[in-house]
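Summary of the model geometry
Listed below are the residues making up each chain.
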Amino acid sequence: MYANLFISIGSNIVVAVQDAETGSYNLKQIYKVRTEKNHTYEENYGKWSNSTGLVDERSNKVIAVRRKNLKKEDLIVSVTFLSNASLEHVYDYKAKEVDAAIRSGFTQIDLLVKTFNASVRFALHEKFGYDETGIWVGSYGSVINDHADITATPLFVQARRIDVIDYIDTLLPIRAYFIFRFPNLSTVKNIYVLPFSRTVWLCLGAFIVISVLTAFFMMRSEEKIIKNTQKRSISQVIFLILSIVCQMGSELEARILSTRIFIFFSFFTSIFVFTSYTANIVALLQTPTKNIQTLQDLYESKLALGIEDTLYNRYYIGKTTDPVRLKIYKEKIAPPNQDPRFFDRKSGVAMMRNSSFAFFGESGPIFREIEATFFESEKCNLNMIEYLEVIEPYNALKKNSPYREIMKISLPRLREYGITKAEINRLYKKRPTCSDGSGSHFESVSVESIRGALLLLPYGMAFALVVFIAEIFYKKMKNRQIQPM
C-alpha cells in the first residue's frame, strides 16, 4: 500500500495501526532503501494507548544507525582511475606508485558499503568532475546527475560545487608539495668570502699592509748594509707578501738575517691562516643552504620548478590569485612562449636528484620513488613547501542525498577504527628517514660551485689589460717629456 509513496531511507514517517481489541495503537516506521523502487520496509517504533502513553521500542533513536542494513539493494559507487594499470591492482596492493590516493579511497569506500549489506556496483570514469560548458562530467557528474550514489574518489572542495554536492568527510589526509633537495651553499652565495668573518678579513688586510711596509723598509735597509744589492721596488715587495699569504714562492731573496726571520714568521703565520681558509672552503662546498622555507624563497631561488603531470595538477596549479603563486606559475612553471613544465614522476624525481630542481606532486608516491632511487645521504637534505590553496580532498554525495546521514556517521568510523591509517600506510610512503646523520656523500664539484673562483681569472685579465694600457700610455708620455725640444 506504500509502494507509490516517494519515501527514502532517511524518511521519518510513523504509521499508527489501531488494535481493535485493546484500542491501543501499534506504531511502525516505513522507508525505502531506494526511492525509485516499490519495495517498502517497516520498523517497529512502539505502542501508544491512553493508559500507558507512548512506549518507545526502537532499538536506537538515530535513524541512520538503525538503517545501515541496505537489504542487498544496489548501491552505485562512482570512481575515477587515471591509469588503466590501477584496474589490475585494485585489491592486491601491487604497483603502489599508481593512483595511490584514488586506490586508497576506493578500498575504504568499498569496505564501508559492504558493511551496509548492499549489492555494490561501480561506475568507472576517466575524469574527476569538472564543469565543462555547464555540464558536470566525470565521477562527480555521475553523482550530481543521479547516475551514482556516492563517490569513492575524493576531490578538492570548491565553492561552486557546494550547491550541487555535500562534502562528507576526508579519508585521505594527504597534501601535495614542492619537494626538493636543499641546494649547496655554493650555488646561492660566494663561499670564498664566507670562511672568515668581517673582522678576520680586516685583520688579514692589516697584516698584509703592515707586512708590505715592514718588508719594504727592511729590504731598503739591506741596500745600505750590503753593497751591490739589487734595488727592490714596492711592487716586488707587494708580490712577495701576497705570495707568502697564498703559500707560493717568490724570486725576491732576503740578504740579511733579520729580513729572513721576518719572512719566516710571515710564512709561519700564513700557514695557519691558509689552512683554516681551505678547510672551511672544503666544508662549505658540501654544505646545503636551508634558507628556502617559503614560496617567496622558492621564487627567488635558482631552483628550476616542475609539476607532476596529472589531471588535477594541470587544473589547479594555475588557479590562484596570490601574487607570489602567480609569479611562480607565470615565470617558473608556465613562462611565456614555452611549454608548461609538466613531467612524469620518474623524470621529475630524477631531475630533483641530479640538479637544482623542485618537483610538485603528492608526497607519498614521490617519497616512494625517492626511497627507491636516492642514496641514503641524499635523503637527508629534503624539504617541502605547500603550494595549492586547498584543503584535503573529501568524499561527497549528491546534495540532500538520502544516504547522507548514514555516510556522515560511518565514514569517520573508518578513521576511528584505524582502517584509514592502515590503508594509507599500505599505499603511501612516509618521508624518507636520514640514516646517514652526517649527510656526507662524495659529489663532484660543479662549475656553479666554483664560479666565484673562476671569475677571478677574467677579472684579473681585465685588470692586467687596464694596467698594461696605462703602462704604455705612461711610457709614451715619459718619452715625449725627455725628447729634445
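By convention here, each chain's residues receive numbers from 1 onward along its written sequence. Residues qualify for local features only when their pLDDT is at least 70, as the model is predicted, and side-chain atom pairs are given and counted only at 80 or more; totals for whole chains, interfaces and linings, by contrast, use all residues. Each side-chain value is worked out from all heavy atoms of the structure, with water and hydrogens disregarded.

Here, strands pair whenever DSSP counts at least two bridges between them. Runs of H or I in DSSP of at least four residues are treated as helices and runs of E of at least two as strands, each being numbered from the N terminus. Strand order in the open sheet formed by five strands is S13-S12-S14-S11-S15, and the pairing between neighbours is mixed. Of all the strands in the sheet, the pair left with one neighbour each is strand S13 (342-343) and strand S15 (382-386). With two bridges joining them, strand S12 (residues 304-308) and S13 adopt parallel strand pairing. Residue pairing for S13: isoleucine 307 is matched across the bridge by phenylalanine 342. The contact definition used throughout considers only heavy atoms, calling two residues in contact when any of these lie within 4.5 Å. Convention adopted: a line fitted to C-alpha atoms gives each axis, helices being fitted over their contacting stretch, and angles between N-to-C directions are expressed from 0 to 180 degrees. Of the strands in this sheet, strand S11 (176-181), S12 and S15 are in contact with helix H10 (residues 323-333), which crosses S12 at around 95°. Running at roughly 145° to strand S14 (residues 357-362), helix H11 (residues 345-354) makes contact with S11, S12, S13 and S14 of the sheet.

To continue, consider the side chain of arginine 103. Along the chain, arginine 103 turns up in helix H3 (residues 100-115). Classification of residues uses two cut-offs on accessible area relative to the type maximum, computed with a 1.4 Å probe and protein chains only: under 20% is buried, over 50% is exposed, and between them is partly exposed. Charged-residue counts in this description rest on Lys and Arg as positive and Asp and Glu as negative, His and the chain ends being excluded. Take a side-chain nitrogen of Lys or Arg and a carboxyl oxygen of Asp or Glu: if they are within 4 Å of each other, that pair is a salt bridge. Here arginine 103 is buried and forms no salt bridge, its nearest opposite-charge partner aspartate 92 lying at an N-O distance of 4.3 Å. Between N or O atoms, a polar contact is any pair within 3.5 Å; within protein, one atom must be a potential hydrogen donor and the other a potential acceptor, and residues adjacent in sequence are included only when both atoms are from side chains. A polar contact of 2.8 Å, which involves the side chain of arginine 103, links it to the backbone oxygen of lysine 94. Within polar-contact distance, the side chain of arginine 103 engages the backbone oxygen of valine 98 at 3.1 Å.

The next point concerns helix H14 (residues 419-427). Taken as a whole, H14 has its buried residues at Thr420, Glu423, Ile424 and Leu427. Seen from one end, H14 has its buried residues packed into an arc of 100°, which puts them on one side. Considering only its buried residues, H14 is in contact with H3, helix H12 (363-373) and helix H13 (404-416). Throughout, the arc means that of the directions going from the helix axis to the C-beta atoms.

Of note, threonine 153 is situated in the loop between strand S9 (150-151) and strand S10 (165-169). A polar side-chain atom of threonine 153 sits 2.7 Å from the main-chain amide nitrogen of threonine 80. If sequence neighbours within four positions are ignored, threonine 153 has contacts with Ser78, Val79, Thr80, Ile102, Phe128, Ser139, Tyr140 and Asn395.

By nonpolar core we mean a set of buried residues, namely Ala, Val, Leu, Ile, Met, Phe, Trp, Tyr and Cys, connected to one another through side-chain atoms within 4.5 Å. Of all hydrophobic cores here, the largest spans 61 residues; its most connected members are Phe116, Phe178, Leu298 and Met407. Per element, the largest residue contribution to this core is five residues, and it comes from H3. By size, the runner-up hydrophobic cluster in this structure holds eleven residues, among which are Ile179, Phe357, Phe367 and Phe374.

Nothing here speaks to function; it is geometry throughout.
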